[in-house]
Protein chains: 2
Amino acid sequence: MNSHPTAVVALGGNAISRKGEADTIANQFRHTRESLAAIIPLVKRGYNLAISHGNGPQVGNAILRVELAREKAPILPLGVCVADTEGGMGYMIAQSLQNRLLHEGIDRAVSAILTQVIVDRNDPDLANPSKFIGQFYSQEDAQRFAAERGWVVKPDGDRGWRRVVGSPTPKGIVEGPVIRAMVAGGAIVIAAGGGGIPVYIETDGTLEGLDVVVDKDRASAVLGREIGAQTLIILTEVDQVALNYGKPNQRFLSRITISEAKQYYAEKHFPPGSMGPKIEAAITFLESGGEKVLITSIDRAGEAVDGNAGTTIVPD
Amino acid sequence: MNSHPTAVVALGGNAISRKGEADTIANQFRHTRESLAAIIPLVKRGYNLAISHGNGPQVGNAILRVELAREKAPILPLGVCVADTEGGMGYMIAQSLQNRLLHEGIDRAVSAILTQVIVDRNDPDLANPSKFIGQFYSQEDAQRFAAERGWVVKPDGDRGWRRVVGSPTPKGIVEGPVIRAMVAGGAIVIAAGGGGIPVYIETDGTLEGLDVVVDKDRASAVLGREIGAQTLIILTEVDQVALNYGKPNQRFLSRITISEAKQYYAEKHFPPGSMGPKIEAAITFLESGGEKVLITSIDRAGEAVDGNAGTTIVPD
């Protein structure tokens, strides 16, 4: 292993797709190129790097296509849809980064690797799934699909019913050792896309897919531990984490410890499905040997790495 | 690099999907597991290995889903569809092999890597594309899509009209050095799935996707050269290559030289779209430094490696 510091950068959903905008591949490529503004400063500072990314809109579209083609093309299980998005998105990110590095005159290998994330088949989250995926249905259709296909369905606000799946806690990365060796060798590795392809370990030790999804920030924390990263960088839509977010007494945080993060988490400053999983991921990463977590926006990532922007979370 | 011999194994289309059978994911996983019968003997003989695979049925289904969902989900270009299949199929093959190695008590890392294959934007094949992809249309629909979407369409036998794309000659593998390092380190790497994601090099040196497909055997030959493989193993539906295939004077070939292969190729013993590209791939591989090409079936691969089955092609 070389002596460079190692970081995992988790690209947020907005790094590739934007709400309220046509989700064309041209737009996805454009946003991907823009999001490299967060990666290049790390490359220039000599970091060994793994890059993870979300896949919310893409896997939603993949599921929608499978549904609309149900009578004419094989039904793909959710895990294979996630794997497909690791393919298409890994390609987009890898090629965009390869091109940018060429322009910057930086010679670094880039590659995207299919990643399976290990979860516990008895994870308590699976008994009461709450992660909405795919399209909206009428109550009648949703309940019929539940009966016919074994789905769990629930109403999602006022817009109708949707399928829900579990979002269990990631425990390990099957390809962890390979990714570690590649990253230590200087390659920039795109891994754990969409939180990884969820698998559990059978009693005989073999791997088996599971129709669930894993939060990409939590998977990134586990990936970071497995590759020996000192730093986890979680990119999101805001420059800094805030207490009382969006309220008159909102206060941005520049630097906090794990204990403070846990206290604010307990005080419900960080909503589930938004900042909550990022803070959970940060705590997991630091408690398993990580040295520093940065949470910031794409635009401020370079400054954040230098300690001049973002929210830094450190051990006590 | 360790001192083990290195091989590329190209899994045929029938390794994962079978004609005349429902193309469910369960069946695809089953055939994938069966096809490992060809891989395990090589692992046991200590080979460093890269595995490539076709994606014909899978990319056909991906294109069909995109078409059927055109009004509701983003249109994916052909290159992204290929990347998606590298994701889903790479996952299936990797997990199946990981499980099989566990049962065999063999400790080898396995991982699937997204692979871009470099082609020439001015490849003569692009001027007269002939590779049919996707579904059949009426002549009227096909010609409308040609006008609206810039497709090239042609009649495909009696069943209707289809889109045709180019199948240019592969020139290189973008991820070649990374794959070479991984394979040399002992990992079994699934790469160049579906012939790789086709890209060309712009005048400024950057990579750009192209809506074409690359033959997976020809891509495997280039991959073999780039990772320094001595042996290329092309798995197909027949145990041996034949002259006068299917005719009364059919004669199976056990061992031939490049010169003989070229002569038989010129005599049109090897049909395009079938044995032809495999022989071309064999010649490319041997002329660029490869030592041996085996063409055989999944069931005979183990014997073929020991020189007791299949067709072996060697330099003069």
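Residues numbered from 1 in each chain as written. Chains lettered and ligands numbered in written order. Predicted model: local features only at pLDDT ≥ 70, side-chain atom pairs only at ≥ 80, totals over all residues. Heavy atoms only, no water.

### Concerning the interface of chain B and chain A
Spelled out, the test is: By the convention used here, residues are in contact when the closest approach between their heavy atoms is within 4.5 Å. When a carboxyl oxygen of Asp or Glu is within 4 Å of a side-chain nitrogen of Lys or Arg, the pair counts as a salt bridge. Under the rule applied, a polar contact is a pair of N or O atoms within 3.5 Å (in protein, one hydrogen donor and one hydrogen acceptor; residues adjacent in sequence only if both atoms are side-chain atoms). A run of H or I in DSSP counts as a helix once it spans at least four residues, and a run of E counts as a strand once it spans at least two, with each numbered from the N terminus. Residues are grouped as follows: nonpolar covers Ala, Val, Leu, Ile, Met, Phe, Trp, Tyr, Cys and Pro; charged covers Asp, Glu, Lys and Arg; every other residue, Gly included, is treated as polar.
In this assembly, 48 residues from chain B lie in contact with 48 residues from chain A. Counting the contacts that link chain B with chain A gives zero salt bridges. Linking chain B with chain A are 12 residue pairs in polar contact (both at pLDDT 80 or more), by the criterion used here. Counting only elements with at least two residues in the side of chain B that touches chain A, the list comes to helix H3 (56-68), helix H4 (78-104), strand S3 (110-112), helix H6 (176-184), strand S10 (197-201) and strand S11 (207-209) of chain B. Residue composition of the side of chain B that touches chain A, by class: 25 nonpolar, 15 polar and eight charged.

### Section: the side chain of Ser17 of chain A
All names here are of chain A. For Ser17, the position within the fold is in the loop between strand S1 (6-11) and helix H1 (25-35). A distance of 2.8 Å separates a polar atom in the side chain of Ser17 from a polar atom in the side chain of Asp23. Side chain to side chain, Ser17 and Gln58 meet in a polar contact 2.8 Å long. In this structure Ser17 touches Asp23, Gln28, Pro57 and Gln58, once residues within four positions along its chain are discounted.

### Thoughts on the domain arrangement of chain A
Residues and elements named next belong to chain A. What counts, and what does not: Each domain's extent was defined by an automatic or database domain assignment. Two parts placed together each lose some accessible area under a 1.4 Å probe, and the buried area is that loss summed for both.
Per the domain assignment, the segments making up chain A are domain 1 (1-119 + 170-229), domain 2 (131-165) and domain 3 (238-288 + 302-316). Each partner contributes to the interface: domain 1 provides eight residues, whereas domain 2 provides nine residues. Of the roughly 680 Å² buried where domain 1 meets domain 2, counting both sides, 64% is carbon and sulfur surface. When the shortest N-O distance is used, the salt bridge between Arg149 and Glu67 registers 2.7 Å. Inspection of the domain 1/domain 2 interface yields one residue pair in polar contact (both at pLDDT 80 or more). The element that contributes the greatest number of residues to the side of domain 1 that touches domain 2 is helix H3 (residues 56-68), accounting for three residues. Considered class by class, the residues forming the side of domain 1 that touches domain 2 number five nonpolar, no polar and three charged.

### Some words on the pairing of strand S17 (residues 311-314) of chain B
All names here are of chain B. Defined as follows: Residue exposure (1.4 Å probe, protein chains only): buried if accessible area is under 20% of the type maximum, exposed if over 50%, otherwise partly exposed. One bridge is not enough; two strands pair if DSSP finds at least two bridges between them.
Alternating residues of S17 divide into Thr311 and Ile313 and Thr312 and Val314, and every residue in both groups is buried. The pairing of strand S15 (residues 255-257) with S17 spans three bridges and is parallel. Following the sheet pairing, Ile256 is matched in S17 by Ile313. Where strand S16 (residues 292-297) meets S17, three bridges bridge the pair, whose relative direction is antiparallel.

### Describing the environment of Val80 of chain A
Relative to the elements of secondary structure, Val80 of chain A occurs in helix H4 (residues 78-104). Residue Val80 of chain A is classed as buried on the basis of its relative accessible area, which comes to 5%. Residues Val80 of chain A and Ala142 of chain A lie 62 residues apart in sequence; the distance between their C-alpha atoms is 22 Å. Leaving out residues up to four positions away in the same chain, Val80 of chain A has contacts with Ile25, Gly88 and Tyr91 of chain B.

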